[in-house]
Amino acid sequence: MAIIYHEKSGEFHLTNGHISYVMNILANKQIGNLYFGRAITDQDDFGHLLEGGLKALAAYVFEDDYQLSLQYTKQEYPAYGATDFRYPAVEIKQENGSRITHFQYQGHQVFQGKKKLPGLPATYVENDTEAETLEITLYDEVIDAELILSYTIFSHLPVITRHVLFRNRGTSTWNITRALSACMDLPDPEFEMLHLAGAWSRERHVKIRKLEQGVQGIYSLRGASSAEHNPFLALKRPGTDEFSGEVYGFSLVYSGNFLAQVEVDTHDATRVLLGIHPDQFEWPLAPGEVFQTPEAVLVHSNQGLNGMSQTFHQLFRTRLARGQWRDRERPILINNWEATSFDFDEAKILQLAGRARELGVELFVLDDGWFGARNHDRAGLGDWVDNTQKLPGGIRGLAAKIEAMGMKFGLWFEPEMVNKDSDLYRMHPDWILHTPERAASPSRNQFVLDFSRKEVVDYIYTSMSKVLREAAISYVKWDMNRYITECYSLGLSAGEQGKVFHQYILGVYDLYERLTSEFPHILFESCSSGGARFDPGILYYAPQTWTSDDTDAMERLKIQYGTSMLYPLSSMGAHVSEVPNQQVGRVTPLETRANVAYFGAFGYELDLNLLTAEEAEVVAEQIKLAKRHRRLIHQGLFYRLKSPFQGQATAWMVVDKAMNEALVGYYQVLNGVNEGWKRLKLMGLQPDTLYQVNGNPGRLHYGDELMYAGLVIKKNELCANGADFSSTLFHLQRVEA
Ligand code: DGJ
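Residues numbered from 1 in each chain as written. Predicted model: local features only at pLDDT ≥ 70, side-chain atom pairs only at ≥ 80, totals over all residues. Heavy atoms only, no water.

A. Inspection of the domain arrangement of the chain at higher detail. Domain annotation of the chain identifies domain 1 (2-319) and domain 2 (649-735). On a C-alpha basis, the centres of domain 1 and domain 2 stand 41 Å from each other. (Domains from an automatic or database assignment.)

This is the structure:
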């Protein structure tokens, strides 16, 4: 791994044997991009890659010199206003009304390792040899503004992470109106854009479209990364599939409003912009102050989408997620929400927990409804105090009883919200985001607390930490059930209202940071009406997220498949729930529901007391299986084999790093009639290793046969004999030939 600087040519080459990232100092001292892609041999000068020459209608940087127009120059951090007419990465509104800036190279430094981003989530190293960082300092002399472009290259992964720091070195305040985290100018438009789109209960479905000239992109202006779009996009070559071909992945480590935009210009260059959405964003920066953008993660793969995903998985699982739970086996949990909703008392909870314990569950999670006057969704949010009518011994008493049963206890919170019918709102009606003299729009009967204000975050911290300190709590589910409307803070001045959305998210991160550092033993699971805030920012604090409120196994195939584009299986909460399914009314076999949920952070969300004796036996076996394989599932390499977005069969598998063991999930949506046998080609096995399938001594195959000829799938091997919604698992274990 190296970051090389060629002084004569003014070029930087970041390379690690997998990728190369080449930049240069342009003639006008801005930073240009010469190449990002598969590793190339270093040279003193790659200047021939810089596009130049005369183009009609172009404006030029220097008089009497047609070599440099920013319009066709690939740049690292393009600014608004000079010779580039495309969307820029940075724009600053100045005291005199101008928005023109010119940031010029001043110097750079290279160091081992990677710095933390104050107040923001980011990837990290455990040891300085894992990565090298380049910081390039740029300066605009007219407004005394400094930009530090920061690039980290990881030694073993085809990854570059980037972020930008703004510093006001002058004497007047200026307003940052656009501060994206990364710009990537690619030299051609021969790509398809892959992104994850959806809505409540159908989050992160895979969408693919061909790039066209003009602007295309995805975004959130909802105050959360959202169920509608994820802060991620990939550009893949048209022929790229799961296992071959080139693809670039772009992900933003952020949980609020974002923009991920691709612009193809009329000279066929492709510009990717990624960062905080510039709409509704305006950050006044006073003399001496700094502004830090979130981090962008850029991945290059020449081994298809799966190659990209495995890189993201490894980075996010081991160098973004943190804490005691990062590598630990996750407890098999039961959550009471789908079983009871708000309608429970201590006896009912203990009955559920008791049955769960008998069947092998390790953690009982008490969901919404345990606090204040929370007997429905119209009251109580904000009052994090026991509801002693439901739970006479409070949370402390209940947690002690659950622990005495031999299980751990977990608890639901929705820290950022308030109902008008709550003591908190009656005390502090000005603490919700809303515009003075106008109504605030409700959503699920609740309002958003103004987390851009420190006193609000402090208050919630005090009330939550009291509960966490006083009771034996091992897990927290942190929910967030509405988006932000009327984004206005009474805590900020008129000129500062453009800060609210971002400062809100910084408040959320601050609370997460305080709670996770004070209670390192607690496993945090994030949630937002299911998966409306499933993003890398949150993953830094909460190693797992409730993937979706949709627990139907068939719907989950699409949701989990799409989510796996960049998020590791260990981060995806996945539960077996009752049938008919509460979201779609579908009846799927109990086996299939578990066969899907195993490929996530596994649990149950139904009334186990209602199971027949036979079903209970099945569940007990499922729990044993989940415990046996959870390390393999969470830490192995994941391969998507058949897409739920094409055809009636879905398949995926995980293989341990030593290639000794694998678990394959095969799922059939609708049954077909009079069909032939299927062969499923596996991936990631050792070709000359003999594998035994499902412990059957008569079923031995070499890895090469399983990968190149395939594993034969017969209908009668699927549960329910291959009827609609059937499935099966194949466990492969290395044996001596
Ligand atoms: C939405 C979550 O996604 C559900 O799992 C549940 O926790 C409810 N909120 C509770 O209000």
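Having put the structure on the table, let's press on.
B. Here's a closer look at the site of the ligand. What surrounds the ligand is a group of 13 residues, the closest being Asp367, Asp368, Lys477, Asp479 and Asp549. Aspartate 368 is positioned such that a nitrogen or oxygen atom in its side chain is 2.7 Å from an oxygen atom of the ligand. Within the side chain of asparagine 481, one N or O atom sits 3.4 Å away from a nitrogen atom of the ligand. Expressed as a share of its isolated accessible area of 290 Å², the protein-covered part of the ligand is 97%. Tallied by class, the residues present in the shell around the ligand amount to four nonpolar, three polar and six charged. (Near = heavy atom within 4 Å. Polar contact = N/O pair within 3.5 Å; in protein donor to acceptor, adjacent residues only side chain to side chain. Areas by Shrake-Rupley, 256 points an atom, 1.4 Å probe, with all protein chains shown as cover. Nonpolar A, V, L, I, M, F, W, Y, C, P; charged D, E, K, R; others polar.)

C. Focus on the nonpolar core. Phe166, Leu366 and Trp370 are the most contacted members of the largest nonpolar core, which totals 190 residues. With nine residues, the top contributor of residues to this core is helix α7 (residues 500-518). In terms of domain composition, this core takes at least three residues from each of domain 1 (2-319) and domain 2 (649-735). What tryptophan 370 contacts, discounting residues up to four positions off in sequence, is Phe344, Trp384, Val385, Asp386, Asn387, Leu391, Ile395, Leu411, Trp412, Phe413 and Val467. Formed by 21 residues, the second largest nonpolar core is a distinct cluster that contains Ala649, Ala651, Met707 and Phe730. (Core = buried A, V, L, I, M, F, W, Y, C linked by side-chain atoms within 4.5 Å. Buried < 20%, exposed > 50% of the residue type's maximum accessible area, 1.4 Å probe, protein only. Helix = DSSP H or I, 4+ residues; strand = E, 2+ residues; numbered from the N terminus. Contact = heavy atoms within 4.5 Å.)

D. Summary view of the pairing of strand β2 (residues 11-15). When you tally the buried positions in β2, you get five out of five residues, the bulk of the element. Going residue by residue along β2, you find Glu11, His13 and Thr15 tucked away on one face and Phe12 and Leu14 tucked away on the opposite face as well. Sheet analysis places strand β1 (residues 2-6) next to β2, joined by five bridges and oriented antiparallel. Residue pairing for β2: isoleucine 4 is matched across the bridge by histidine 13. Bridging between β2 and strand β3 (residues 19-25) involves five bridges; their strand directions are antiparallel. Within β3, the residue paired with leucine 14 across the bridge is tyrosine 21. Following β2, the chain reverses through three residues before pairing antiparallel with β3; glycine 17 in that reversal takes a positive phi of roughly 90°. (Pairing = 2+ DSSP bridges.)

E. Representation of the packing of helix α6 (residues 454-470) against α7 within the structure. Put simply, α6 and α7 touch, their axes get as near as 11 Å, and they point 25° apart. The orientation of α6 with respect to α7, classified from their angle, is roughly parallel. Considering the relative orientation of α6 and α7, their crossing is right-handed. Within the contact between the two elements, α6 uses Val457, Asp458, Ile460, Tyr461, Met464, Ser465, Leu468 and Arg469 and α7 uses Gly507, Asp510, Leu511, Arg514, Leu515 and Glu518. Partitioning the contact of α6 with α7 into residue classes produces seven nonpolar, two polar and five charged. (Axes fitted to C-alpha atoms, helices over the stretch in contact; angles between N-to-C directions. Parallel < 35°, antiparallel > 145°, perpendicular 65-115°, else oblique. Left-handed = near helix turned anticlockwise from the far one by under 90°.)

F. Here's a closer look at the environment of serine 474. Residue position: serine 474 is located in the loop between α6 and β26 (475-478). Linking serine 474 and alanine 296, residues 178 residues apart in sequence, is a C-alpha distance of 32 Å. If we skip the residues at most four places from it in the chain, serine 474 touches Glu403, Lys408, Phe409, His521, Ile522 and Leu523.

G. Just the packing of aromatic side chains, in detail. Tallied over the full model, the rule gives 38 aromatic pairs. Ring centres 6.0 Å apart and planes at 65° place the aromatic pair tyrosine 512 and phenylalanine 524 in the edge-to-face group. Here tyrosine 512, found in helix α7, pairs with phenylalanine 524, found in strand β27 (residues 523-526); they are twelve residues apart in sequence, far enough to count as distant. When its relative accessible area of 0% is taken as the criterion, tyrosine 512 is described as buried. Look at tyrosine 540 and tyrosine 541: their rings are 4.9 Å apart centre to centre, the planes differ by 90°, and that puts the pair in the edge-to-face class. An aromatic cluster is built from Tyr21, Phe36, Tyr151, Phe191, Tyr248 and Phe250, whose rings are joined through pairwise contacts. The cationic tip of lysine 55 hangs over the ring face of tyrosine 72; the distance from NZ or CZ to the ring centre is 3.9 Å. One cation-aromatic arrangement involves lysine 499 over tryptophan 283; the distance from NZ or CZ to the ring centre is 4.7 Å. (Phe/Tyr/Trp six-rings, centres within 6.5 Å; stacked < 30°, edge-to-face > 60°. Lys NZ or Arg CZ within 6 Å of the ring centre and 35° of its normal.)

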